[in-house]
2 protein chains.
Amino acid sequence: MNDKIRIGIAGHGNLGRGVEKAITQNLDMELIGIFTRRDPAHIQPLTAGVPVHALADVEKFRDGIDVMILCGGSKSDLPEQGPALAALFNTVDSFDTHAKIPGYFEAVDAAAKAGNNTAMIAIGWDPGLFSINRLYGEAVLPVGETYSFWGAGVSQGHSDALRRVPGVKSAVQYTVPLEKAMELARSGSRPQLTTREKHRRECYVVLAEGADAEAVRRAIVTMPDYFADYDTEVDFVSEDELKTQHSAMPHGGFVIRSGVSGSEVKQTLEFRLALGSNPEFTSSVLVAYARAVMRMRRMGDIGAKTAFDVAPGLLSPKSAADLRKELL
Amino acid sequence: MNDKIRIGIAGHGNLGRGVEKAITQNLDMELIGIFTRRDPAHIQPLTAGVPVHALADVEKFRDGIDVMILCGGSKSDLPEQGPALAALFNTVDSFDTHAKIPGYFEAVDAAAKAGNNTAMIAIGWDPGLFSINRLYGEAVLPVGETYSFWGAGVSQGHSDALRRVPGVKSAVQYTVPLEKAMELARSGSRPQLTTREKHRRECYVVLAEGADAEAVRRAIVTMPDYFADYDTEVDFVSEDELKTQHSAMPHGGFVIRSGVSGSEVKQTLEFRLALGSNPEFTSSVLVAYARAVMRMRRMGDIGAKTAFDVAPGLLSPKSAADLRKELL
């Protein structure tokens, strides 16, 4: 008898491939199929023997899949696929447009309830593990300040912004947290930190032929929202150097809660991630939450959920008794 | 109408006083009474107007208290009070004898179920927040190693052991994590670290009159279980110095999960606490979990629980919608 958790993957970019790999690390899970909007014949699964299907046909597979992991992007894929697939399957996704989470939650919640499914949204590390740590910090130390720092790591949004600058052929942007600000956050002095004090931005740019380097640099460092509020460094590199030195996707960051307990004693919580690969780590988090989704669905806990709704024990393949014995 | 969470405190040592102070930081809570085995007339509440009662009379207060926070010790108080009070009230406690948690859980679970109550055990930072982070790390990165480091901070158990050495009048012991071991744990090389490699022990000792310092030092550093497996430093100090320099109760530590995701990429999670006062922080955690206990009881989720069973959102006074908007 096979009682593994049967997983489907919708979308086979970096995140989808990461989920494929993460499933091989979780022995209680089985990958049932990959669903794509592209031509399935053009998708090469990493896992031998896993079928690839057209996403348009996904409804046929309702009975064979316990949890569908949505690996599309937050900008255009998930706003459509999130609700559509939550109507058919239990789902997990990494929707990460913070400002749009409340609206997305409502849309997915309605669809999931209509389909009698459990749909976990906004999973990964931020939103996700960072959010949980912001919450633990605030709940345990109600009098205090919370600081989130990101990096050092590649920001896709900022890299995309660089690539839209005329004269830029290709580019990668690193967000770098400033050590001095982190020390202040940890110090217990509860400083108010400006955008510029918290992070700086490092840009590695390949110029298009004939482009004016100084004009490109100026266009970058004065770009509102993305760069103007930061100390931004622009380094021009060759296409070859960009490929060999800047193609990994490291990331990470820090959540620091600095507060005081009852008699004004300083207390500090800090959560830190140092990630060799941002998409692979996000995938690993998605897979752990897929386990929780299946359990919550079995308990009848349907509708849209976030990391705030998941008891930690539901993430582990171990029994509650083993967890108490081994990890408590 | 008063719809605050009505809290009782059982025991008024460091932890109970910390809970009193923490309640003042949580505006949705109200301290109803303090219960003591001592003569209530000898207890001085920090909160004006809070009544102190004999613990023997606690049953009379069943209807007026939503959650009883148990502030006794794990060695002799809680094994008896935990089950007894869980039969009467929803409870939270900080039972921290790791090896005895499974048995304690069973005893409290039976009592809580018989009384139709929810009883949260082993809350604090270790067990508690550290346990959760061990679980998150293992669930998200199933291939990896978990390291717990404690300190720098005062260990009550080790300080007590020092005080039992003949010739010792008074003493304080600090557990100090070794930076080199933490760096190795973070490095992703997943080392096996020995006890001696992870922590060292610093002892500040006041000698009894006429005691032989060298004999005391030898008795300490060779003491099995407590000191023999560590590099232990013994400093002899005056009673005055011990009181002025070593009476704070700082503590803290680190949980590090070092693992690899699917394609052998290194990924590291780290949770860190730097605590100005160990008992006050533990108290703050107990109070946040009291909020969760009341909510779980209202949902009908009775019996013994641990931090592994508590969805993070239940700890916050904010609504789920506000949490999604503000912290996710």
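All values reported here derive from a predicted model rather than from experimental measurement. (Residues numbered from 1 in each chain as written. Chains lettered and ligands numbered in written order. Predicted model: local features only at pLDDT ≥ 70, side-chain atom pairs only at ≥ 80, totals over all residues. Heavy atoms only, no water.)

All names here are of chain B. The strand order β8-β9-β10-β11 describes an open sheet built from four strands, whose pairing is mixed. For this open sheet the edge positions go to β8 (153-154) and β11 (231-236), each flanked by a neighbour on one side alone. Looking at chain direction, strand β10 (residues 199-207) and β11 are connected through six bridges and run parallel. Looking at the pairing, Arg 200 lines up with Asp 231 of β11. (Pairing = 2+ DSSP bridges. Helix = DSSP H or I, 4+ residues; strand = E, 2+ residues; numbered from the N terminus.)

Tallying each qualifying case throughout the model produces ten aromatic pairs over all chains. For the pair Phe 95 of chain A and Tyr 104 of chain A, a centre-to-centre distance of 4.0 Å together with 10 degrees between the ring planes defines the contact as stacked. Taken individually, Phe 95 of chain A and Tyr 104 of chain A each receive the classification buried, so the pair is uniform in this respect. Note on Trp 125 of chain B and Phe 130 of chain B: the rings are 5.2 Å apart at their centroids and 75 degrees apart in plane angle, and the pair reads as edge-to-face. Residue Trp 125 of chain B is classed as buried on the basis of its relative accessible area, which comes to 6%. Each residue in the set Trp 125, Phe 130 and Phe 271 of chain A is aromatic and connected to the rest through ring pairs, giving one cluster. Across the ring face of Phe 149 of chain A, the terminal group of Lys 198 of chain A is positioned such that the distance to the ring centre comes to 5.1 Å. (Phe/Tyr/Trp six-rings, centres within 6.5 Å; stacked < 30°, edge-to-face > 60°. Buried < 20%, exposed > 50% of the residue type's maximum accessible area, 1.4 Å probe, protein only. Lys NZ or Arg CZ within 6 Å of the ring centre and 35° of its normal.)

Contacts between the two partners involve 64 residues from chain B, matched on the other side by 64 residues from chain A. Both faces considered, chain B and chain A share a buried interface measuring about 5,600 Å² in area, 62% of it formed by carbon and sulfur atoms. At the surface where chain B touches chain A, the tally comes to 29 residue pairs in polar contact (both at pLDDT 80 or more). For the side of chain B that touches chain A, the secondary-structure elements that each account for two or more residues are α3 (101-115), α4 (129-140), β13 (266-275), α10 (278-298) and α11 (320-326) of chain B. Here the side of chain B that touches chain A is built from residues that sort into 34 nonpolar, 16 polar and 14 charged. When strand β13 (residues 266-275) of chain A meets β13 of chain B, the two strands line up antiparallel, connected through nine bridges. (Contact = heavy atoms within 4.5 Å. Buried area = accessible area lost by both parts, 1.4 Å probe. Polar contact = N/O pair within 3.5 Å; in protein donor to acceptor, adjacent residues only side chain to side chain. Nonpolar A, V, L, I, M, F, W, Y, C, P; charged D, E, K, R; others polar.)

Looking now at the pattern of salt bridges. Residues and elements named next belong to chain B. Within the structure shown, the criterion is met by 42 salt bridges over all chains. Among the salt bridges present, the one from Lys 21 reaches Glu 280, with a minimum N-O distance of 2.9 Å. Here Glu 280 lies in helix α10 and Lys 21 lies in helix α1 (residues 14-24), a separation of 259 residues in the sequence. Look at Lys 21 and you get partly exposed, because its relative accessible area is 24%. According to the relative accessible area criterion, Glu 280 is buried, its value standing at 6%. Residues Arg 217 and Glu 214 are paired through a salt bridge, measuring 3.3 Å at the closest nitrogen-oxygen approach. Taken together, the residues span about one helical turn, with Arg 217 and Glu 214 both in helix α8 (residues 213-221) at a distance of three residues. The exposure class of Arg 217 is partly exposed, given its relative accessible area of 29%. (Salt bridge = Lys/Arg side-chain N within 4 Å of Asp/Glu carboxyl O.)

This part covers the side chain of Glu 20 of chain A. All names here are of chain A. If you trace the backbone, Glu 20 turns up in helix α1 (residues 14-24). The charged side chain of Glu 20 is buried without a salt bridge, its nearest counter-charge being Arg 17 at 7.1 Å. A polar atom in the side chain of Glu 20 sits 3.0 Å from the backbone nitrogen of Leu 46. A distance of 2.4 Å separates the side chain of Glu 20 from the side chain of Thr 47, its partner in a polar contact. Contacts of Glu 20, omitting those with residues within four sequence positions, involve Ile 9, His 12, Leu 31, Ile 34, Pro 45, Leu 46 and Thr 47. (Lys, Arg positive; Asp, Glu negative; His and termini not counted.)

Another aspect to go through is helix α10 (residues 278-298) of chain A. Residues and elements named next belong to chain A. Spanning 21 residues, α10 covers 31 Å between terminal C-alpha atoms, matching the ideal 30 Å at 1.5 Å per step. Most of α10 is tucked away, with 18 of its 21 residues classed as buried. At the N-terminal boundary of α10, the capping side chain belongs to Ser 277, with an oxygen 3.1 Å from the backbone nitrogen of Glu 280. Positive backbone phi, at 85 degrees, marks Gly 300, one or two positions downstream of α10. (Expected span 1.5 Å × (residues − 1).)

Attention now moves to the environment of Leu 193 of chain A. Residue and element names in this part refer to chain A. Within the secondary structure, Leu 193 is located in the loop between α6 (179-187) and α7 (195-198). Owing to a relative accessible area of 18%, Leu 193 belongs among the buried residues under this scheme. Not counting the four nearest positions on each side in its chain, Leu 193 is found in contact with Tyr 147, Phe 149, Ala 181, Leu 184 and Lys 198.

We now examine the packing of helix α2 (residues 77-86) of chain B against α3 of chain B. Residues and elements named next belong to chain B. The interhelical angle for the contact between α2 and α3, taken along N-to-C directions, is 25 degrees, at an axis separation of 7 Å. Classified by the interaxial angle, the pair formed by α2 and α3 is roughly parallel. Both α2 and α3 take part in a crossing whose hand is right-handed. Residues Leu 78, Pro 79, Gly 82, Pro 83 and Ala 86 of α2 lie in contact with α3, whose contacting residues are Tyr 104, Ala 107, Val 108, Ala 111 and Ala 112. Here the residues of the contact of α2 with α3 sort into nine nonpolar, one polar and no charged. (Axes fitted to C-alpha atoms, helices over the stretch in contact; angles between N-to-C directions. Parallel < 35°, antiparallel > 145°, perpendicular 65-115°, else oblique. Left-handed = near helix turned anticlockwise from the far one by under 90°.)

Residues and elements named next belong to chain A. As far as domains go, chain A holds domain 1 (5-126 + 279-320) and domain 2 (129-277). Computed from C-alpha coordinates alone, the two centres of domain 1 and domain 2 are separated by 28 Å. The interface is formed by 13 residues belonging to domain 1 together with 14 residues belonging to domain 2. When residues of domain 1 are sorted by the area they lose upon contact with domain 2, Trp 125, Asp 126 and Phe 308 head the list and together hold 52% of the total. The tally of links from domain 1 across to domain 2 stands at one salt bridge. When the shortest N-O distance is used, the salt bridge between Asp 126 and Arg 134 registers 2.8 Å. Ranked by the residues each element gives to the side of domain 1 that touches domain 2, the list is headed by α10, at five residues. (Domains from an automatic or database assignment.)

Taken in spatial order, the six strands line up as β7(A)-β12(A)-β13(A)-β13(B)-β12(B)-β7(B) in an open sheet, and their pairing is antiparallel. Bordering the open sheet on either side are β7 (144-150) of chain A together with β7 (144-150) of chain B, each of which pairs with just one other strand. Here the strands of the sheet are splayed against their neighbours by 5 degrees on average, with no regard to which way each runs. Bridging between β7 of chain B and strand β12 (residues 251-260) of chain B involves seven bridges; their strand directions are antiparallel. From the neighbouring strand, Phe 149 of chain B faces β12 of chain B, where its bridge partner is Phe 254 of chain B. Across the sheet, α6 of chain A touches β7, β12 (251-260) and β13 of chain A together with β13 of chain B, and the angle it forms with β12 of chain A is around 30 degrees. Where α4 of chain B meets the sheet, its contacts fall on β13 of chain A together with β7, β12 and β13 of chain B, and the angle it forms with β12 of chain B comes to roughly 5 degrees.

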